Amino acid sequence: MEEEIKGALKKCAVGFGTSEVVEEFCMEDGELKLVKKKVTKKDVPPDIKAVKLLMDGGGISGLSDEELEAEKLRLMEMLKQCDG
């Protein structure tokens, strides 16, 4: 679990690119057919809070349990929004 958090923290600290796919279907002859597909690429800029956590001597090991849980939830929400 700690490695997953460190990975998410590093990803947020350096920024990353992601894409969102939106597909539109219609019913033709009893089958769903793809009518439109839109792919949007997004660049998520580096997160200063994540950089600060990595640059601090303690990193995530210097956080209290409450701070670590709050940071985990924040990063997970950020990644969820970016991944669509």
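Since this is a predicted model, take the numbers as computed values, not measurements.

**Some words on helix H1 (residues 2-14)**
1) Next: Taking 1.5 Å per residue, 13 residues should reach 18 Å; H1 reaches 19 Å between its end C-alpha atoms and fits that length.
2) Next: Taken together, the buried positions of H1 are Ile-5, Ala-8, Leu-9, Cys-12 and Ala-13. All buried residues of H1 fall inside an arc of 135° around its axis, so they share one side. Residues of H1 that are exposed and point over 90 degrees away from its buried face: Glu-3, Glu-4 and Val-14.
3) Next: Residue Gly-15 follows H1 closely and has a positive phi angle near 85°.

**Considerations on the packing of aromatic side chains**
1) Next: The tally for this structure, following the rule as stated, stands at zero aromatic pairs.
2) Next: The ring of Phe-16 has Lys-11 lying over it, and the distance from NZ or CZ to the ring centre is 4.6 Å.

**What about the environment of Lys-11?**
1) Next: With respect to the element layout, Lys-11 can be found in helix H1.
2) Next: With relative accessibility at 33%, the residue Lys-11 sits in the partly exposed group.
3) Next: Those residues in contact with Lys-11, other than ones at most four positions away along the chain, are Phe-16 and Leu-79.

Scoring rules and cut-offs
Each chain has its residues counted from 1, following the order in which its sequence is written. Reporting in this predicted model follows two pLDDT cut-offs: at least 70 for local features of residues, and 80 or more for side-chain atom pairs to be given and counted; totals over whole chains, interfaces and linings ignore these cut-offs and use all residues. Values reported for side chains reflect all heavy atoms of the structure, with hydrogen atoms and water molecules removed beforehand. Put simply, DSSP H or I for four residues or longer makes a helix, DSSP E for two residues or longer makes a strand, and each gets a number counted from the N terminus. Given a helix with a known number of residues, its expected span is that number minus one, times 1.5 Å. Throughout this description, buried means an accessible area under 20% of the type-specific maximum (1.4 Å probe, protein chains only), exposed means over 50%, and partly exposed covers the range between. The directions considered for the arc run from the helix axis to the C-beta atoms. Two rings from Phe, Tyr or Trp (for Trp, the six-membered ring) form a pair when their centres are within 6.5 Å of each other. A pair whose planes differ by under 30 degrees is stacked, one over 60 is edge-to-face, and the rest are tilted. In this scheme, Lys NZ or Arg CZ marks a charge over a ring once it lies within 6 Å of the ring centre and within 35 degrees of the ring normal. Contact definition: two residues touch when any of their heavy atoms are within 4.5 Å.

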